[in-house]
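Chain residues, written in single-letter form:
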Amino acid sequence: MFDKLINSLNKVAEKVNSIKYIIAIKNTFAALLPVIITGAFATLFSSVIFDAENGLAQISALSFLEKFKPISSTISYFTLNFLTIYAVFLLGIEVAKLNNIKGVFPGIIAVMSYLTVNPTFFKLIQEDGSSIIVQNVLAKQYTDTKGLFLGIIVSILSIELYHWLSKQDKLKIKLPESVPATVSNSFSSLIPTIFTVAIIATIGFAIEALTGMYAFDIIYSLVQKPLEGLIQGLPGVLTLMLIAQVFWVIGIHGMQMVKPIREPLLLSAIAVNTAAFEAGEEVPNIINMPFWDIYMTFGGSGATLGLLIAIFIVGKREDYRQIAKLSFVPGIFNINEPLIYGLPIMLNPILAIPFIITPLVTGTIGYFSTLFGFAGKAVVMVPWPVPPVLNAFIATAGSIGAVITQIVCILVSILIYIPFVKIADRSAREKMDSEAA
């Protein structure tokens, strides 16, 4: 019965992960990580080095550093505040690839289509309370992370429409064979491009005409904002982690299962924090991608750095200790596949319990420590392989409270894993005794 359940869940997981839009979204956000990290480190340099009030530039001998702040500020602005545009472009290319359309032109189609559904004016409120309409501009909310979900929808819809139109022979402009291939290809995509952008723009116009709201306002209010609110609450992020851990235990890569939900929301949250930190405003989001990495996946999924240390402290099984030795260096860099598959943790009823429980406990500790102000909120997107302690320090722009909190979480994880390591030892001994008898 249990095997049948696992096989059924595996089939479901395979079907979900084989959906081309899921594949495209995962690939897109993986490609966006360097952009987010670049913007985050630019913000870190801006405040820690080039800032004349809080950074190294406040030292008189290093005051010249303040002159370089516009460089880091510009990098920060044009990475994090244009994240939706980059995502739309990359997603357009990824969806096109899965439809066997080569090149980067589909990315341009996706961006054009997305821009056409957004207004090109901005209502500016002046100091006296009056307002003026600024024409021929694109407001920041349409380019930063607030537009992500609408961007994803429009990008997928526009490329699928373009793909369908491109297959219609009646819409193809056929040129003589003597015309160079590049010119011929450009003309063959001309009518599908015009139709695609025109249709998407018409849909955007119709939505605004019928509802009085732009597509952005509808999607952000009804879809993205509620999801952001859910994931920003402790129950939401713990539920997402619980789902991932259960999938791991039954033999399915849990992080891959939750990635399409996790990435847009948590990466968006850290981008918002970084932008607020750069602007000197209050940092809003406790839960974001670095929070997940710092407090819930140190050592890898299941916070298995605690398991490694627990095995070294109390483990008597020679097979566990050998696997732990081989897994320790990768574990320092948050890579724990050798441990998951080597012990194994999957389908192991003894180790599965702490593997599921530990990140939920440590995530709760991290959340309340941050909520009460002891640990600083993460403002820098740090690559996930950065070792524990160092990642907490960098991600929070030097919060010692965050470092201490992470160390407490590691200690708690060790304490949770120790009894189960002892149980695994006793179980192995009893099995050996019964075999000997």
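Above: the structure in question.
Residues numbered from 1 in each chain as written. Predicted model: local features only at pLDDT ≥ 70, side-chain atom pairs only at ≥ 80, totals over all residues. Heavy atoms only, no water.

## Re the overall build of the chain
Part 1 of the argument: Counting its regular elements, the chain contains 18 helices and two strands.
Part 2 of the argument: Overall, the chain is about 85 × 65 × 45 Å in size when its C-alpha atoms are taken along their principal axes.
Part 3 of the argument: Long-range contacts, defined here as pairs at least 24 residues apart, represent 69% of the contacts in the chain between residues at least 6 apart.
Part 4 of the argument: Here the chain has roughly 21,100 Å² of accessible surface; of this, 68% comes from carbon and sulfur atoms.
Part 5 of the argument: The distance from the centre of the 28 positive side-chain charges to the centre of the 27 negative ones in the chain is 8 Å. (Helix = DSSP H or I, 4+ residues; strand = E, 2+ residues; numbered from the N terminus. Contact = heavy atoms within 4.5 Å. Areas by Shrake-Rupley, 256 points an atom, 1.4 Å probe, with all protein chains shown as cover. Lys, Arg positive; Asp, Glu negative; His and termini not counted. Charge placed at Lys NZ, Arg CZ, Asp CG, Glu CD.)

## What about the packing of helix 10 (residues 234-249) against helix 16 (residues 349-371)?
Part 1 of the argument: It is at 9 Å that the axes of helix 10 and helix 16 come closest, and there the two elements cross at 160°. The pairing of helix 10 with helix 16 is recorded here as roughly antiparallel in orientation. As for the relative orientation of helix 10 and helix 16, their crossing is right-handed in sense. Between helix 10 and helix 16, the residues in contact are Leu234, Leu238, Met241, Leu242, Gln245, Val246, Trp248 and Val249 and Ala352, Phe355, Ile356, Pro359, Leu360, Gly363, Thr364, Tyr367 and Phe368, respectively.
Part 2 of the argument: Residues that form the contact of helix 10 with helix 16 fall into these classes: 14 nonpolar, three polar and no charged. (Axes fitted to C-alpha atoms, helices over the stretch in contact; angles between N-to-C directions. Parallel < 35°, antiparallel > 145°, perpendicular 65-115°, else oblique. Left-handed = near helix turned anticlockwise from the far one by under 90°. Nonpolar A, V, L, I, M, F, W, Y, C, P; charged D, E, K, R; others polar.)

## Details of the environment of glycine 376
Part 1 of the argument: For glycine 376, the location among the structural elements is in the loop between helix 16 and helix 17 (390-395).
Part 2 of the argument: On the basis of relative accessible area, glycine 376 is assigned to the partly exposed category, the value being 23%.
Part 3 of the argument: Distance in space between the C-alpha atoms of glycine 376 and glycine 254 is 28 Å, their sequence separation being 122 residues.
Part 4 of the argument: In this structure, glycine 376 is in contact with Thr370, Thr396, Ser399 and Ala402, ignoring residues within four places of it in sequence. (Buried < 20%, exposed > 50% of the residue type's maximum accessible area, 1.4 Å probe, protein only.)

## Structural notes on the pattern of salt bridges
In a structure, side chains of opposite charge can pair up when their charged atoms sit close to one another.
Part 1 of the argument: Tallied over the entire structure, the rule returns five salt bridges.
Part 2 of the argument: Between glutamate 94 and lysine 97 there is a salt bridge, with the nearest N and O atoms lying 3.8 Å from each other. Here lysine 97 and glutamate 94 lie together in helix 4 (residues 83-98), a separation of three residues that amounts to about one turn.
Part 3 of the argument: When its relative accessible area of 14% is taken as the criterion, glutamate 94 is described as buried.
Part 4 of the argument: A salt bridge links glutamate 263 to arginine 262; its shortest N-O distance comes to 3.0 Å. Neither glutamate 263 nor arginine 262 differs from the other in exposure class; each is buried. (Salt bridge = Lys/Arg side-chain N within 4 Å of Asp/Glu carboxyl O.)

## Observations concerning the nonpolar core
Part 1 of the argument: Among the nonpolar cores identified, the biggest contains 102 residues, and Leu150, Trp292, Tyr295, Met296, Leu307, Leu343 and Met381 are the most heavily contacted of them.
Part 2 of the argument: Among the elements that line this core, the one with the most residues is helix 18 (residues 400-436), at ten residues.
Part 3 of the argument: Residue contacts for tryptophan 292: discarding those within four places in its chain leaves Val237, Leu240, Met241, Met255, Arg262, Leu266 and Thr297. (Core = buried A, V, L, I, M, F, W, Y, C linked by side-chain atoms within 4.5 Å.)

## So, a positive patch on the surface
Part 1 of the argument: On the surface, a cluster of positive charge is made up of Lys316, Lys422, Arg426 and Arg429.
Part 2 of the argument: By secondary structure assignment, the location of lysine 422 is in helix 18.
Part 3 of the argument: In this structure lysine 422 comes out as partly exposed when scored by relative accessible area, which is 44%. (Patch = residues over 30% accessible without salt bridge, like charges linked within 9 Å, V, L, I, M, F, W, Y side chains within 5 Å.)

## Digging into unusual backbone geometry
Part 1 of the argument: At the junction of leucine 343 and proline 344, the peptide bond is cis and its omega measures out at -10° in the coordinates.
Part 2 of the argument: In this fold, proline 344 is placed in the loop between helix 15 (337-342) and helix 16.
Part 3 of the argument: A positive phi angle, near 50°, is found at alanine 303, a position not held by glycine.
Part 4 of the argument: Along the chain, alanine 303 falls in the loop between helix 12 (289-296) and helix 13 (305-314).
Part 5 of the argument: At alanine 397, a position not held by glycine, the phi torsion is positive, near 60°.

## A short note on helix 4
Part 1 of the argument: End to end, helix 4 covers 22 Å across 16 residues, agreeing with the expected 22 Å (1.5 Å per residue, within 8%).
Part 2 of the argument: For helix 4, the full list of buried residues reads Leu83, Thr84, Ile85, Ala87, Val88, Leu91, Gly92, Ile93, Glu94, Val95 and Ala96.
Part 3 of the argument: Buried positions along helix 4 lie against helix 2 (20-48), helix 3 (69-80), helix 5 (105-116), helix 6 (148-166) and helix 11 (254-279).
Part 4 of the argument: Backbone geometry just downstream of helix 4 places asparagine 100 in the positive-phi region, at approximately 65°. (Expected span 1.5 Å × (residues − 1).)

## Focus: empty space enclosed by the protein
Part 1 of the argument: According to the stated counting rule, one finds two cavities of 30 Å³ or more in the structure shown.
Part 2 of the argument: Computed from the structure, the largest cavity encloses a volume of approximately 40 Å³.
Part 3 of the argument: Considering the residues around the largest cavity, the lining is formed by Pro290, Asp293, Ile294, Val382, Pro383, Trp384, Asn391 and Ala395.
Part 4 of the argument: Mapped onto the lining of the largest cavity, the elements with two or more residues apiece are helix 12 and helix 17.
Part 5 of the argument: Tallying contributions element by element places helix 12 first for the lining of the largest cavity, with three residues.
Part 6 of the argument: Estimates place the volume of the second largest cavity at around 30 Å³.
Part 7 of the argument: In terms of lining, the second largest cavity is formed by Ile286, Asn288, Phe291, Ile294, Tyr295, Thr370, Gly376, Lys377, Ala378 and Thr396.
Part 8 of the argument: Along the lines of polarity and charge, the residues of the lining of the second largest cavity split into five nonpolar, four polar and one charged. (1 Å grid on protein atoms, 1.4 Å probe; cavity = no way out; pocket = protein on both sides within 12 Å on 5 of 7 lines; lining within 4 Å. Points joined across faces, edges and corners; volume = space filled by probe spheres on them.)

## Topic: the side chain of aspartate 293
Part 1 of the argument: Looking at the secondary structure, you find aspartate 293 in helix 12.
Part 2 of the argument: Buried and without a salt bridge, aspartate 293 has arginine 262 as its closest oppositely charged side chain, separated by 5.5 Å.
Part 3 of the argument: Sequence-distant contacts of aspartate 293, defined by excluding residues within four places in its chain, comprise Phe298, Val382, Trp384 and Asn391.

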